[in-house]
Amino acid sequence: MDRENIGSAPPARLRVEVRTVDESELLAPVGELDHYTSELLRSPLDQALDAGRARLVVDCSGLEFCDSTGLNVLLGARLRAEAAGGGVHLVGMRPAVARVFHITGAEAVFTVHETLATALPG
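Residues numbered from 1 in each chain as written. Predicted model: local features only at pLDDT ≥ 70, side-chain atom pairs only at ≥ 80, totals over all residues. Heavy atoms only, no water.

(A) Spotlight on the environment of C60. In this structure, C60 sits in the loop between β3 (55-59) and β4 (63-66). Given the relative accessible area of 0%, C60 is considered buried. Remark: the alpha-carbon pair of C60 and L116, spanning 56 residues in sequence, is separated by 9.8 Å. With sequence-adjacent residues up to four places away left out, C60 is seen in contact with L90, V91, G92, M93 and R94. (Helix = DSSP H or I, 4+ residues; strand = E, 2+ residues; numbered from the N terminus. Buried < 20%, exposed > 50% of the residue type's maximum accessible area, 1.4 Å probe, protein only. Contact = heavy atoms within 4.5 Å.)

Right, dumping it as C-alpha cells:
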C-alpha cells in the first residue's frame, strides 16, 4: 500500500471532466473510482448541486473500476438531485462497472443510458 496517498488520490488514478450542457451537468470520470479517488468525483457533483444544477449526467465510458465507495458517492448525489427535482443519469457503463451496479441492485435506482445522445435532452 502506498502510505503517502492514504486519504488522497494518487496522481492519474482518476480524473473528472466537467461541463454544462443546456440544463445538465455532464461529468466524465476516467480511471478508477474507489475509496482513494471518490472525493475527486464527489466534489464536482456537490458543486453542481450547490449551484442549482440538479440534472446530473455521468459518462461512465471511461470508468474502468468502481467499488462500494464510488457507488455510495453516486447514490448520495442521486438523493440530493432527486430532492432538488432532478436526477442522476448514468451513461455507457463498461461491463465491470455495470456488474457492480447489477449485483448491488443499484442499477434499478438510476436512469441508465447506452449513449450520451440519449442521456442529454435536446
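We are not done yet, so read on.
(B) Focus on the packing of aromatic side chains. As enumerated under the stated definition, the model contains 1 aromatic pair in all. Their ring planes at 70° and their centres at 5.7 Å tell us that F101 and F110 sit as a pair that is edge-to-face. (Phe/Tyr/Trp six-rings, centres within 6.5 Å; stacked < 30°, edge-to-face > 60°.)

(C) A look at the pattern of salt bridges. For the coordinates displayed, the defined rule picks out 8 salt bridges. The closest approach of N and O atoms between R80 and D46, which form a salt bridge, is 3.1 Å. Pair noted here: R80 is in helix α2 (residues 68-83) and D46 is in helix α1 (residues 38-50), with a separation of 34 residues, a long-range link. The partly exposed category is assigned to R80, whose relative accessible area is 35%. On the accessibility criterion, D46 (27% relative accessible area) is partly exposed. (Salt bridge = Lys/Arg side-chain N within 4 Å of Asp/Glu carboxyl O.)

(D) Summary view of unusual backbone geometry. Positive phi is not limited to glycine here, since D22 has a value of about 55°. Relative to the helices and strands, D22 resides in the loop between β1 (14-21) and β2 (24-33). Assessed through its relative accessible area of 62%, D22 is described here as exposed.

(E) Broad picture of the pairing of strand β5 (residues 87-91). Burial runs high along β5: 5 of the 5 residues are buried. Side-chain alternation along β5 places G87, H89 and V91 on one buried face and V88 and L90 on a second face that is also buried. Strand direction decides the pairing type here: β3 and β5, joined by 5 bridges, are parallel. The residue of β5 that forms the bridge with R55 is G87. Relative to strand β6 (residues 111-113), β5 is paired through 3 bridges, and the arrangement is parallel. Of the residues in β6, the one forming a bridge with L90 is V112. Considered for its hand, the β-α-β crossover made up of β5, helix α3 (residues 95-104) and β6 is right-handed. (Pairing = 2+ DSSP bridges. Right-handed = clockwise from strand over helix to strand, strands pointing away.)

The values reported here are purely geometric and, on their own, carry no functional implication.
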